[in-house]
Amino acid sequence: MIHLVQIRNGSSRRVALVEEPNLRCLIGIHSVYELVQQYLPGGSHLSEKVFALAHGEVLPYDLIYAGKSEWHLMPPIDVPDMPSRLMISGTGLTHLGSAKERQAMHAVSTSKVSEVMTDSMRMFQWGVEGGRPSNGEIGVAPEWFYKGDGSILKAPFAPLTIPTYAEDGGEEAELAGVYIIGEDGQPYRVGFTTGNEFSDHRFEKRNYLNLAGSKLRNCSLGPELIVGGDFQSIAGEVHIEREAKIIWAKTIATGEENMCHSLANMEHHHFKFEAHRQPGDVHVHFFGAHSLSFGDDIVLEDGDWMAVRYEGFGRALRNPIRVERADKKLVTVYPLV
C-alpha cells in the first residue's frame, strides 16, 4: 500500500510518495494521470513503478500541509488541461448507518416517521436484500447520481462554496474510488481517497426528486491517494469547526463490512454503461456517507471548517465553507436565428 499526493508550485507540479513526515517526488512525473497512463501498457505493479521513480526532491510534508510552503496540495487526481475527461459520480443509500437519516429527511411530516416507508427506505432495503451478490452474479442496482466533471473538484484546504442559487451546503464524509479506462475500454481501479462530497441537503429534503440537482456542487478529495488499500472495514471521524471550536463530531465507518452493497456490485452498476468506459477517461466515484451534520440540525456558516479523516488513509481532508454573497441572476439563453 502506497500513498501519493499531487502538489503545485505556480506552473510547476509534481507527484510525490508520502514518507512521513516527508514527501519524495517522483522523477519525470507531473501527474497521477501521466503515471498511470505509462503504467497500463507495461503490466508491472503500479507500486513497483512508483518506487522505481521515487528518487527526486524530498519536501517537508508538515510545511506543505500547513500552507507554509511554496508548494501546495492539489486534488490527488485530475486530468491536466482536460477537466471534462474526469467524471464525478456517486452511490447513495449504501451504508448500514445511513438509512435512518435519509428516511427522516424524505418522510412526510408526521409524528410517526418510522412508520412511513419512503422510496429511500425501499431502495435501502433492496440493497440489504440484494446488494451483495455471490461471485460472478449481478446484484440489485444502488442509488446512483452524477455530480459533475473535473472542474468542480477542489483541493484540500480550498473552500467549498454554497452558491447563491443553493438553499444550503453540507459535508458528506466519504471514501471515493479513483478509476481510469484503458485503451480497450477496461476500467482499472487506481486506488481510494478521502472525500467530502458536499451537497445541498435542504433542497433535497423538499422533495426526493431534487436529489439530482442537490448533488451538482463542488467537492473535494485527498490529500492522499491510496494505491493497494483495503476496503473491508475502515473507521474514521468527521467534525465541523466554528471559530476554532468543534461544534459537531461523529465517528464514522465505511468499507464493505459496513455497507449493504459490495464494492464489486457498485463498480459493476457504474461501469456497465458503455458511456462510462471511454478510453482515457478518469472516474471518481463516491461510495456514500455514514452520517451527516445536517441530520443533527447543523447549519453550516461562512468560515466554518469541515474535516474528514479515515484510519490508514493519511492526513485529514480539511476545507472551509464559503457562502457566495451575490444577488441571484437570471440565466438567459439567446436563440440563434
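So, here is what we can say about the structure in this document. Here the structure is a predicted model, which is why all the values come from computation and not from measurement.

### Description of the overall build of the protein chain
- Check the secondary structure of the protein chain and you find eight helices and 17 strands.
- Whereas a compact globule of 337 residues would reach a radius of gyration of roughly 20 Å, the protein chain reaches 20 Å, a difference of no more than 12%.
- Relative to its 337 residues, the protein chain shows a buried fraction of 53%.
- Taking the intrachain contacts of the protein chain between residues at least 6 apart in sequence as the baseline, contacts between residues at least 24 apart amount to 74%.
- With the model as given, the accessible surface of the protein chain reaches about 15900 Å², and the carbon-plus-sulfur share is 52%.
- The distance from the centre of the 32 positive side-chain charges to the centre of the 44 negative ones in the protein chain is 4 Å.

### A closer look at the packing of aromatic side chains
- Counted by the stated rule, this structure contains seven aromatic pairs.
- Centre to centre, the rings of F192 and F231 are 4.9 Å apart; their planes meet at 10 degrees, and the pair counts as stacked. With a gap of 39 residues between them, F192 in strand 11 (residues 187-196) and F231 in the loop between strand 12 (219-227) and strand 13 (234-242) connect regions that are remote in the sequence.
- Assessed through its relative accessible area of 2%, F192 is described here as buried.
- The rings of Y61, Y65, F157 and W305 are connected pair by pair, giving a single aromatic cluster.
- The positively charged end of K215 is found above the aromatic ring belonging to F145, 4.5 Å away from the centroid.
- The ring of Y61 is capped by R315, whose NZ or CZ atom sits 3.9 Å from the centre of that ring.

### Thoughts on a nonpolar patch on the surface
- A cluster of nonpolar side chains, contributed by W144, Y146 and L216, occupies part of the molecular surface with about 280 Å² of accessible area.
- On the secondary structure map, W144 appears in strand 7 (residues 143-149).
- The partly exposed category is assigned to W144, whose relative accessible area is 33%.

### Notes on the nonpolar core
- Counting residues in each nonpolar core, the largest one holds 31 residues, and the members touching the most others are L4, L26, L35, I88 and V284.
- Those elements that place two or more of their residues in this core are strand 1 (2-9), strand 2 (12-19), helix 1 (32-39), helix 2 (46-53), strand 6 (86-92), strand 10 (173-181), strand 12 and strand 15 (282-286).
- Residue contacts for V284: discarding those within four places in its chain leaves I77, L86, M87, I88, S89, A176, G177, V178 and L221.

### Examining the pattern of salt bridges
- For the structure shown, the criterion picks out 17 salt bridges.
- The partner of K215 in a salt bridge is E172, and the shortest N-O contact between them spans 3.2 Å. Residue K215 is located in the loop between helix 7 (211-214) and strand 12, and its partner E172 is located in the loop between strand 9 (160-162) and strand 10; the two are separated by 43 residues in the primary sequence. For the pair formed by K215 and E172, the shared burial category is buried.
- Because the salt bridges share partners, they merge into one network encompassing K147, E172, E197 and K215.

Reading the values: the criteria
- Residues numbered from 1 in each chain as written.
- Predicted model: local features only at pLDDT ≥ 70, side-chain atom pairs only at ≥ 80, totals over all residues.
- Heavy atoms only, no water.
- Helix = DSSP H or I, 4+ residues; strand = E, 2+ residues; numbered from the N terminus.
- Rg over C-alpha atoms; globule rule 2.2 N^0.38 Å.
- Buried < 20%, exposed > 50% of the residue type's maximum accessible area, 1.4 Å probe, protein only.
- Contact = heavy atoms within 4.5 Å.
- Areas by Shrake-Rupley, 256 points an atom, 1.4 Å probe, with all protein chains shown as cover.
- Lys, Arg positive; Asp, Glu negative; His and termini not counted.
- Charge placed at Lys NZ, Arg CZ, Asp CG, Glu CD.
- Phe/Tyr/Trp six-rings, centres within 6.5 Å; stacked < 30°, edge-to-face > 60°.
- Lys NZ or Arg CZ within 6 Å of the ring centre and 35° of its normal.
- Patch = residues over 30% accessible without salt bridge, like charges linked within 9 Å, V, L, I, M, F, W, Y side chains within 5 Å.
- Salt bridge = Lys/Arg side-chain N within 4 Å of Asp/Glu carboxyl O.
- Core = buried A, V, L, I, M, F, W, Y, C linked by side-chain atoms within 4.5 Å.

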